[in-house]
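What the coordinates show
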Amino acid sequence: NHSDSWGGGMDNNTSSPVMYNVTFTQNSADISGGGFHIWENSYPQLTNVLFEYNTAGSRGGGIYVVSFCDFTLTDVNFIGNTSQGEGGGVFLSSSNTVLNRVNFIDNSTPTNGGGLYNSFTDVTLTDVTFTGNSAGVFGGGMENNTTDAIMTNVTFSGNSAGERGGGLFNYQSNPVLTNITFSENIATFWGGAIFNSGGIHSINNVTIADNEAGSYGGGIGNSNADTTLNNVILWGNTAGSAGAQIYMFTANTFLLNDSVVQGGCPSGVTCTNIYTTDPLLGTLSNNGGFTQTIPIAMGSSALDTANASTSSATDQRGIARPQGYDDDIGAFELEWDP
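Below is a short write-up of the structure. (Residues numbered from 1 in each chain as written. Predicted model: local features only at pLDDT ≥ 70, side-chain atom pairs only at ≥ 80, totals over all residues. Heavy atoms only, no water.)

1. Description of unusual backbone geometry
Note the following rule: Secondary structure is summarised from DSSP: a helix means a run of H or I of at least four residues, a strand means a run of E of at least two, and numbering begins at the N terminus for each. Exposure categories follow from relative accessible area, calculated using a 1.4 Å probe and restricted to protein chains: below 20% of the type maximum is buried, above 50% is exposed, and the middle band is partly exposed.
The peptide bond linking Arg321 to Pro322 adopts the cis configuration, its omega dihedral lying at -10 degrees. Relative to the helices and strands, Pro322 resides in the segment after strand 31 (270-275). Positive phi, normally seen in glycine, also occurs at Arg101, with a value near 55 degrees. Inspection of the secondary structure assignment puts Arg101 in strand 12 (residues 97-105). The class for Arg101 is partly exposed, based on a relative accessible area of 34%. Located in the positive-phi region is Phe120, a residue other than glycine, with phi close to 55 degrees. By the element assignment, Phe120 lies in the loop between strand 14 (116-119) and strand 15 (123-131). Taking the relative accessible area as the measure of exposure, Phe120 reaches 51% and is therefore exposed.

2. Considering the environment of Gly139
Let me state the cut-off plainly: Note on definitions: a residue-residue contact is assigned when non-hydrogen atoms from the two residues lie within 4.5 Å.
On the secondary structure map, Gly139 appears in the loop between strand 16 (134-135) and strand 17 (142-145). Separated by 25 residues in the primary sequence, Gly139 and Gly114 place their C-alpha atoms 6.5 Å from one another. In this structure, Gly139 is in contact with Gly113, Gly114, Ala161, Arg164, Gly165 and Phe169, ignoring residues within four places of it in sequence.

3. Considerations on the nonpolar core
Note the threshold: Nonpolar cores were defined as sets of buried Ala, Val, Leu, Ile, Met, Phe, Trp, Tyr and Cys residues, with membership established by side-chain atoms within 4.5 Å.
Counting residues in hydrophobic clusters, the biggest one holds 48 residues, and the most contacted among them are Leu46, Ile63, Leu125, Met151 and Phe182. Contacts of Phe182, omitting those with residues within four sequence positions, involve Phe156, Leu168, Leu177, Ala193, Ile194, Val206, Thr207, Ile208, Ala209 and Asn211. Residues Trp235, Ala302, Ala306 and Trp336 belong to the second largest nonpolar core, which totals eleven residues.

4. A look at the packing of aromatic side chains
Basically, it comes down to this: Stacked, edge-to-face and tilted labels apply to pairs of Phe, Tyr and Trp rings (six-membered ring for Trp) whose centres lie within 6.5 Å, assigned for plane angles under 30 degrees, over 60, and everything in between, in that order.
Within this structure, the stated rule accounts for 19 aromatic pairs. Between Phe138 and Phe169 the ring centres are 4.4 Å apart and the planes differ by 10 degrees, which places this aromatic pair in the stacked class. Separated by 31 residues along the polypeptide, Phe138 in the loop between strand 16 and strand 17 and Phe169 in strand 20 (residues 168-173) bring together distant segments of the chain. By relative accessible area, Phe169 is classed as buried at 2%.

5. A look at the pairing of strand 26 (residues 226-230)
Within a regular beta strand, the side chains point alternately toward one face of the sheet and then the other, so they alternate between its two faces. For clarity, the cut-off: The criterion for strand pairing is that DSSP finds at least two bridges linking the strands in question.
Examined bridge by bridge, strand 23 (residues 194-209) and strand 26 share five bridges and lie parallel to one another. Following the sheet pairing, Ile203 is matched in strand 26 by Leu229.

6. Some words on the pattern of salt bridges
Test applied: What makes a salt bridge here is a side-chain nitrogen of Lys or Arg within 4 Å of a carboxyl oxygen of Asp or Glu, nothing more.
Taken as a whole, this structure holds five salt bridges when the rule is applied. When the shortest N-O distance is used, the salt bridge between Arg101 and Asp75 registers 2.7 Å. Linking Arg101 in strand 12 with Asp75 in strand 9 (residues 71-79), this pair joins segments that are 26 residues apart in sequence. Judged by relative accessible area, which is 27%, Asp75 ranks as partly exposed.

7. Concerning the state of the cysteines
Formally: Two cysteine sulfurs form a disulfide in these notes if their separation is within 2.5 Å.
What the rule picks out here adds up to one disulfide. One disulfide bridge connects Cys265 with Cys271, the sulfur atoms lying 2.1 Å from each other. Measuring handedness by torsion sign, the sulfur bridge of Cys265 and Cys271 sits at about 85 degrees and is right-handed. The class for Cys271 is partly exposed, based on a relative accessible area of 24%.

8. Here's the deal with the side chain of Asp328
The condition that has to hold: Residues counted as positive are Lys and Arg, residues counted as negative are Asp and Glu, and His and the chain ends are not counted. Each polar contact in these results corresponds to two N or O atoms within 3.5 Å; when the atoms are within protein, one needs to be able to donate a hydrogen and the other to accept it, and residues that are neighboring in sequence are counted only if both atoms are side-chain atoms.
By secondary structure assignment, the location of Asp328 is in the segment after strand 31. No salt bridge is formed by the buried Asp328; its nearest oppositely charged neighbour, Arg321, is found at 5.6 Å. At 2.7 Å, the side chain of Asp328 and the backbone nitrogen of Asp304 are in polar contact. Among residues more than four places away in sequence, those in contact with Asp328 are Asn205, Ile296, Ala302, Leu303, Asp304, Ala306, Arg321, Glu333 and Leu334.

9. Focus: the environment of Ile296
By secondary structure assignment, the location of Ile296 is in the segment after strand 31. Taking the relative accessible area as the measure of exposure, Ile296 reaches 6% and is therefore buried. Separated by 177 residues in sequence, Ile296 and Ser119 place their C-alpha atoms 35 Å apart. Those residues within four positions of Ile296 in sequence are excluded, and the remaining contacts are Ile233, Pro279, Leu280, Leu281, Ala302, Leu303, Asp328, Phe332 and Leu334.

10. Brief notes about the pairing of strand 6 (residues 45-52)
With seven bridges joining them, strand 3 (residues 18-25) and strand 6 adopt parallel strand pairing. Note on strand 6: the bridge partner recorded for Val18 is Gln45. Summarising the sheet, strand 6 and strand 9 pair through seven bridges and their orientation is parallel. Each bridged residue has a counterpart across the sheet, and for Glu52 the counterpart in strand 9 is Ile79.

Interpretation note: all reported values are geometric properties and have no functional meaning in isolation.
Right under this line is the structure:
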């Protein structure tokens, strides 16, 4: 199907459909919402829905959502959607949105937010995967623009950005990240896994491994942002110029606590209780739970060394902490009997 304007597959205005077991495939719109266009106080709920190979001439290759819509996605897949503007998979603006068990795979845009572009929206992501998405500028997997995103049990793997934030780009946002894995994301210039520009950032029990920046901040690039990391693994990340694990562009507050960091405390960061020996990371794989994770092994420097007062109650798979003597650093809790 094709639309000269909005919603190549479906256009939804001031209504609240409940949809189950639906596929939107190879639809196109000249402007926004290649698969589905949602606007003006609508409250749709989608369960077990597939958006594949839809295209938009402007924003939201799979879905475009704008203007005070409460939107819920459960068990939804976005595969191979494209847009010429923001949000190769999904574009969100000024709408409260909940995503549960959602996959963004191989979506793309020449601008920002290869998988998901989120602007002025309080979005909650739980059990979400971003894999193989690409953006020509910012946020290969996802961009948060002026939002308070809550992200739990999420994996970013193999995403790429032409400039900043191979996995995730945050602009003037206050995201809370808990139990997140970043693996093999690439930014051509800054922030292989994450780039933060402005805002306040809380990052807890996160594993950031084997990401790459062409210039600065293989793991994290930070500019004019106040950032706190607790119980985080930063290992195997690389940068072409400087800051393999973390690069500070400005002298804002950056606190790094109770974490495993290859090479020790990065320049410009305030560190407390940092471990520098090998965390013995495995490969990204299915270890239970909805999202893939990177396991640790017995003898890991992350084993039983997290600060329980700031650690999450479960790991990324939903396994209760602790499993050994104490909580483990990172997104994965090793199950063993002391």
